[in-house]
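Below, each chain spelled out in residue letters.
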Amino acid sequence: MSPLPRRSDLSAPSRRRLLLGAPALICAASLARAQELPELRALRLAVGGKTTLYHLPLALAEQMDYFKAEGLEVELQDHAGGGLAEQAFMQGRADIVAGGFEHVLFLRERGVNCRAFVSFGRAPQTVFGVGTRAMPDYRHVSQLKGRRIGISSPGSTTHWFATMVLARGGMAPGDVEFVSLGTTTAAADALREARIDALCGVDPAISMLELRGELRVLWDARSLRGTQEAFGGPMPGGCVYGPQDFVVRYPRTAQALAHAVVRALKWLQTAGPRDIVRAIPEAYMHGDRAIYLAALEKAREAFSPDGLMAEEAALTALRVSARYGALKGPLPPVAAGSTYTNDFARRAKQRFLA
C-alpha cells in the first residue's frame, strides 16, 4: 500500500480538494453507521424466570453488556413463568418474549402470528418429579390423582410438560390440582414442606431438591438424551420470539438481539466455574453457589451452541404439542418453517464464529 502523501508534498489545490471532500467522507461513514444501528434502541423483553439456568444466556448478555454493545437498551422483565411472560406481551407490556418454542405454536393456533428468531436452548431443561416426603411409595402416575402439583405459572412450559406427563399416564389435567409457585426457591420450599406432592420445574431449584434427596426425578429434559426419551426426538428449548411484523419492520433490531444472544452462547461454551461466578450476580445462585455450578455443568449441553433452530426439533414440537398441548390437531410440515427463522442467528454465527 502506498504511503499517504505528506502535507508538504501536496499542492495548494490538492489540499483544498482534500478539505472539501472530508465532510462528504464523514457523512458517508455516519450514514453507513446509522444503517447498521437497530431501528429500536429500547426494548422490553419479557422473561419467565430471569434467574433460572433456562435463561442464563439472556442474563449473560445483560450482565456482560452484549446488548449494549449492539446499541440496545434491553429491559429484561422478570415474570414468575413463561405463561405470564407471554401474557405481558399479549397485553402490550412487552415488545418481545423469551420462552419455550411451544408458546409460538400455541399463539399461532390462537391467531397470533409470532416467530422465533434466535434460539438459546436445544433442550427444554424441564424436570418432573415427586416429593420423597409426600410420596415415598410412588410407583405410577395414576397415584398423582387428586394430588397437588407445583408449576411455575399457568400456560408455562412447566405446566405443559406436567400435562404431558399426566396424559402419558392416562390422566387428565383436571385429575390434579396445579399450584403456581414461580421459578425461585419458593417452589423448592413448597415441596420440602409437603405443601405440594410433585413438582415440574427448572434449575437451580430442581437440583437443590434432587441433590438433597428431597425430589425423585421421573422425567428429565435437561440433557439431550433425556429430551430424546421424553419427546421421542430432539425438542427445542428457549428462544426469543415476537410478532412476525416485528421481524419484518425491525430487521436490524432483531439482528442486534441475535448477535448479543449468540455471543453469550459462544462465551458459555468454554466458560469455567470462576468465569460464571464473576459474570452472574450471587442472587441468581439462590444461596448455594456449589449447587448452581453443579446444575450448570449437568445442563450445559442443553444450551444452543449457535442460536440456530433445528428443523427436526421444530417438527417434534409441532407433533408433541398437537398430541399433548393446546393445538387442535397436527399441522402440516410446511408450517414448521413459518414458526421460526434462522436468518438472524446464521449471520450472528458467522460474525462470532460460533
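Quick caveat, the model's predicted, so the values are computed rather than measured.

## What to know about the overall build of the protein chain
The helix and strand tally for the protein chain stands at 16 helices and 10 strands. Sequence separation of 24 or more characterises 79% of the internal contacts of the protein chain that already satisfy a separation of 6 or more. Accessible surface computed for the protein chain: about 16000 Å², of which carbon and sulfur atoms make up 53%.

## A word on the sheet that holds strand E6 (residues 148-151)
Strand order across the open sheet formed by five strands is E7-E6-E8-E5-E9, with mixed pairing between neighbours. Every other strand in the sheet has two partners, leaving strand E7 (177-180) and strand E9 (215-220) as the edge strands with one partner each. Across this sheet, the average inter-strand angle for adjacent strands is 25°, counted without regard to direction.

## Brief notes about the packing of helix H2 (residues 56-63) against helix H11 (residues 251-270)
The description of two helices packed together rests on the angle between their axes and the distance between the axes. Closest axis-to-axis distance for the H2/H11 pair is 8 Å, and the angle between their directions is 105°. When the axis of H2 is compared with that of H11, the two are roughly perpendicular. Facing H2, whose interface residues are Leu 56, Pro 57, Leu 58, Leu 60 and Ala 61, H11 presents Ala 260, Val 261, Ala 264, Leu 265, Trp 267 and Leu 268. Class assignment of the residues belonging to the contact of H2 with H11 gives a composition of 11 nonpolar, no polar and no charged.

## Quick look at the pattern of salt bridges
Summed over the entire model, instances satisfying the criterion amount to 23 salt bridges. A salt bridge links Arg 252 to Glu 39; the nearest nitrogen and oxygen atoms lie 3.8 Å apart. Here Arg 252 is found in helix H11, whereas its partner Glu 39 is found in the loop between helix H1 (12-36) and strand E1 (42-48), with 213 residues between them in sequence. Under the relative-accessibility criterion, Arg 252 is labelled partly exposed at 32%. Accessibility expressed as a relative area gives 27% for Glu 39, which makes it partly exposed. Close ionic contact of Arg 192 with Asp 189 constitutes a salt bridge, the shortest N to O distance being 2.8 Å.

## With respect to the packing of aromatic side chains
For any pair of aromatic rings, the description rests on two quantities: the centre-to-centre distance and the angle between the ring planes. Taken as a whole and assessed by the stated rule, the structure comprises eight aromatic pairs. A centroid spacing of 6.4 Å and a plane angle of 75° characterise the contact between Phe 101 and Tyr 340, whose relative ring orientation is edge-to-face. Note that Phe 101 is positioned in the loop between strand E3 (96-100) and helix H5 (102-109) and Tyr 340 in the loop between helix H15 (334-337) and helix H16 (343-352), a separation of 239 residues in sequence. Classification of Tyr 340 as buried rests on a relative accessible area of 11%.

## Considerations on empty space enclosed by the protein
One pass over the structure, following the stated rule, counts three cavities of 30 Å³ or more. By volume, the largest cavity amounts to about 140 Å³. Lining of the largest cavity is provided by 18 residues; of these, Gly 48, Tyr 54, His 55, Gly 82 and Thr 157 occupy positions nearest its centre. The element that contributes the greatest number of residues to the lining of the largest cavity is E3, accounting for three residues. Looking at the lining of the largest cavity residue by residue, the class counts come to four nonpolar, 14 polar and no charged. Looking at the second largest cavity, its volume works out to about 60 Å³. Taken together, Ser 152, Thr 158, Gly 182, Thr 183, Ala 187, Leu 199, Cys 200, Gly 201, Val 202, Ala 205 and Ile 206 make up the full set of residues lining the second largest cavity. Mapped onto the lining of the second largest cavity, the elements with two or more residues apiece are strand E8 (198-201) and helix H8 (205-211). Take the lining of the second largest cavity: its biggest share by element is three residues, from E8. When its residues are assigned to classes, the lining of the second largest cavity shows six nonpolar, five polar and no charged.

Criteria and thresholds
Residues numbered from 1 in each chain as written. Predicted model: local features only at pLDDT ≥ 70, side-chain atom pairs only at ≥ 80, totals over all residues. Heavy atoms only, no water. Helix = DSSP H or I, 4+ residues; strand = E, 2+ residues; numbered from the N terminus. Contact = heavy atoms within 4.5 Å. Areas by Shrake-Rupley, 256 points an atom, 1.4 Å probe, with all protein chains shown as cover. Pairing = 2+ DSSP bridges. Axes fitted to C-alpha atoms, helices over the stretch in contact; angles between N-to-C directions. Parallel < 35°, antiparallel > 145°, perpendicular 65-115°, else oblique. Nonpolar A, V, L, I, M, F, W, Y, C, P; charged D, E, K, R; others polar. Salt bridge = Lys/Arg side-chain N within 4 Å of Asp/Glu carboxyl O. Buried < 20%, exposed > 50% of the residue type's maximum accessible area, 1.4 Å probe, protein only. Phe/Tyr/Trp six-rings, centres within 6.5 Å; stacked < 30°, edge-to-face > 60°. 1 Å grid on protein atoms, 1.4 Å probe; cavity = no way out; pocket = protein on both sides within 12 Å on 5 of 7 lines; lining within 4 Å. Points joined across faces, edges and corners; volume = space filled by probe spheres on them.

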